[in-house]
Amino acid sequence: MLFEFDSDQRLWQRTVREAVSKECTPALVRSVADGAEDPASLWRTYGKLGWTEFTDPSDAVELGIVLEELGWAADPTPYLATMTQFAPLAPTALEGGRSGAAVFDGVSARRDGESWLLDGTARYVLDGDRADRLAVITGPGVFVVPAEEVTAESVPVFDPLLHVADVTFAGVRVTEDARSAADPEKARHLALAGLAMTMVGACRRILDLALEHVRTRRQFDAVVGSFQAVQHKAVDMHVAIERARALAYFSMMTIAADDPRRRLAASMAKASAGECQALVFRHGVQLFGAMGTTWENDLQFALKRAKAGELLLGGTAEHRALIAEECHATDL
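Residues numbered from 1 in each chain as written. Predicted model: local features only at pLDDT ≥ 70, side-chain atom pairs only at ≥ 80, totals over all residues. Heavy atoms only, no water.

Novice: Please clarify how the overall build of the chain should be interpreted in this entry.
Specialist: Along the backbone of the chain there are 10 helices and 10 strands. In terms of overall dimensions, the chain has C-alpha extents of about 80 × 55 × 35 Å along its principal axes. Classification of the 332 residues of the chain by burial places 52% in the buried group. Once local pairs closer than 6 in sequence are excluded, the contacts in the chain between residues at least 24 apart make up 75%. Of the roughly 15200 Å² of accessible surface on the chain, a fraction of 53% belongs to carbon and sulfur atoms. Looking at charge distribution, the chain has the averaged site of its 34 positive side-chain charges lying 5 Å from that of its 47 negative ones. (Helix = DSSP H or I, 4+ residues; strand = E, 2+ residues; numbered from the N terminus. Buried < 20%, exposed > 50% of the residue type's maximum accessible area, 1.4 Å probe, protein only. Contact = heavy atoms within 4.5 Å. Areas by Shrake-Rupley, 256 points an atom, 1.4 Å probe, with all protein chains shown as cover. Lys, Arg positive; Asp, Glu negative; His and termini not counted. Charge placed at Lys NZ, Arg CZ, Asp CG, Glu CD.)

Written as structure tokens, this is what we have:
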């Protein structure tokens, strides 16, 4: 398995970075957070750029490149939920620029004649309050449900750009045609890897902003970045990001190759990204001082995006436990 981008992937990375810097600017992100801008136009732009076409597992690395850059920019659109959670469960339901969300648990399905009835409440569904469709994992299978058939209640979160909701299914009737043949286990691998890639991008942004700050901030008649203690923190951040980034892309490569290690790799990526954000968050705030926690500073968006990723689909401790269990079962 090759651990370096080939020439096409390097070109794709440059293309995505240029597009993100042009379309998903800090000014636009702040405007969305302030409620003055609707991210719908940005979402349509991603569709025009072809970024919503990466629904085949073989495109996982290319999708990962997009996710890393959008994590860096604190993307306010439903791209993460749609492409890494909904699409793997319902790849044929992404048409006409529609967005999607995934319901991983909390909902049951029972037969009622020739149709099915869905009941239950799913907590903390990413984009559950603005998705056009939901892919619902139940015991009998995965069902695709129009958003208007459910009740979604937004949940306040500290990241002003993320949408999280509790979604209730009260006897929602679906036909057999609404059932997807997707593998929920494999879909979860991409969801975890996608979160890890997003967190890595956000952590990169924190480091970039911190380095920019310490290179210009002066104290005691010297640039703050010249202090050894500051340099050590910056190096620790860089090492943590590179380690998490390598594991995140390794996870994407196992998905693209349908490698049997994909389950273990996904948990490794999520756990490493969680450890990364903890260190980068702490050092990033310390290097900025109180200035970094103010609303006027763009650092806050990257900090909140990185921390939010840790709280979704299981934290570091949970995935470390899964890794230990997997390694014990296979005598690794």
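Moving on from the model shown.
Novice: Can you walk me through the pairing of strand 7 (residues 164-175) in this structure?
Specialist: Side chains on a regular strand alternate between the two faces of the sheet. Where strand 3 (residues 115-126) meets strand 7, 10 bridges bridge the pair, whose relative direction is antiparallel. For Leu 117, the partnering residue across the bridge sits in strand 7 and is Arg 173. When strand 6 (residues 151-154) meets strand 7, the two strands line up antiparallel, connected through 4 bridges. Within strand 7, the residue paired with Ala 152 across the bridge is Val 167. (Pairing = 2+ DSSP bridges.)

Novice: Would you explain the packing of helix 4 (residues 60-73) against helix 5 (residues 79-86) in this entry?
Specialist: Axes are the key here: two packed helices are described by the angle between their axes and the distance separating the axes. For the pair helix 4 and helix 5, interaxial distance at closest approach is 11 Å and the crossing angle is 150°. As summarised for this structure, helix 4 and helix 5 are arranged roughly antiparallel, according to the angle between their axes. In this structure, the crossing between helix 4 and helix 5 has a hand that is left-handed. The segment helix 4 lies against helix 5, with Leu 63, Val 66, Leu 67 and Leu 70 engaging Tyr 79, Leu 80, Met 83 and Thr 84. Its residues placed into classes, the contact of helix 4 with helix 5 shows 7 nonpolar, 1 polar and no charged. (Axes fitted to C-alpha atoms, helices over the stretch in contact; angles between N-to-C directions. Parallel < 35°, antiparallel > 145°, perpendicular 65-115°, else oblique. Left-handed = near helix turned anticlockwise from the far one by under 90°. Nonpolar A, V, L, I, M, F, W, Y, C, P; charged D, E, K, R; others polar.)

Novice: Just to check I follow, could you spell out helix 6 (residues 184-216) for this structure?
Specialist: Residues three or four positions apart in an α-helix share a direction because the helix packs 3.6 residues into each turn. Over its 33 residues, helix 6 runs 49 Å from end to end, which matches the ideal 48 Å to within 8%, given 1.5 Å per residue. Here helix 6 lies mainly inside the structure; 24 of its 33 residues are buried. Capping the start of helix 6, Asp 183 holds a side-chain oxygen 2.9 Å from the backbone nitrogen of Glu 185, two or three residues further along. (Expected span 1.5 Å × (residues − 1). Polar contact = N/O pair within 3.5 Å; in protein donor to acceptor, adjacent residues only side chain to side chain.)

Novice: Please clarify how the side chain of Thr 82 should be interpreted in this entry.
Specialist: By secondary structure assignment, the location of Thr 82 is in helix 5. By relative accessible area, Thr 82 is classed as buried at 0%.

Novice: Where do I start with helix 8 (residues 262-288) in this structure?
Specialist: Relative to the 39 Å expected for 27 residues at 1.5 Å per residue, helix 8 spans 38 Å between its end C-alpha atoms, a close match to the ideal helical length. Positive backbone phi, at 75°, marks Gly 289, one or two positions downstream of helix 8.

Novice: Can you walk me through the pattern of salt bridges in this structure?
Specialist: Where charged atoms from two side chains of opposite charge approach closely, those side chains can pair. This model, assessed by the stated rule, comprises 18 salt bridges. Notably, a salt bridge pairs Glu 68 with Arg 204, separated by 3.0 Å at the nearest N-O pair. Pair noted here: Glu 68 is in helix 4 and Arg 204 is in helix 6, with a separation of 136 residues, a long-range link. Per residue, the accessibility class of Glu 68 equals that of Arg 204, and both read buried. (Salt bridge = Lys/Arg side-chain N within 4 Å of Asp/Glu carboxyl O.)

Novice: Got a minute to help me understand empty space enclosed by the protein in this structure?
Specialist: To find leftover empty space, one rolls a probe the size of a water molecule over the atoms. Per the counting criterion, the structure on display carries 2 cavities of 30 Å³ or more. Quantified by volume, the largest cavity comes out at close to 130 Å³. Taken together, 17 residues make up the lining of the largest cavity; nearest its centre are Asp 75, Thr 77, Leu 80, Leu 162 and Arg 305. Looking at the lining of the largest cavity, the elements with two or more residues in it are helix 4 and helix 5. Tallied by class, residues from the lining of the largest cavity come to 9 nonpolar, 4 polar and 4 charged. Put simply, the second largest cavity is a space of about 50 Å³. At the level of secondary structure, the elements contributing two or more residues to the lining of the second largest cavity comprise helix 6 and helix 9 (299-311). The residue inventory of the lining of the second largest cavity, partitioned by class, reads 6 nonpolar, 2 polar and 1 charged. (1 Å grid on protein atoms, 1.4 Å probe; cavity = no way out; pocket = protein on both sides within 12 Å on 5 of 7 lines; lining within 4 Å. Points joined across faces, edges and corners; volume = space filled by probe spheres on them.)

Novice: Just to check I follow, could you spell out the packing of aromatic side chains for this structure?
Specialist: Each aromatic ring pair is described using two quantities: the centre-to-centre distance and the angle formed by the ring planes. Within the structure shown, the criterion is met by 7 aromatic pairs. Ring plane angle 70° and centroid distance 5.5 Å describe the contact between Trp 12 and Phe 54, whose orientation is recorded as edge-to-face. Of this pair, Trp 12 sits in helix 1 (residues 7-23) while Phe 54 sits in the loop between helix 3 (40-48) and helix 4, placing them 42 residues apart in sequence. Each of the two residues, Trp 12 as well as Phe 54, counts as buried. (Phe/Tyr/Trp six-rings, centres within 6.5 Å; stacked < 30°, edge-to-face > 60°.)

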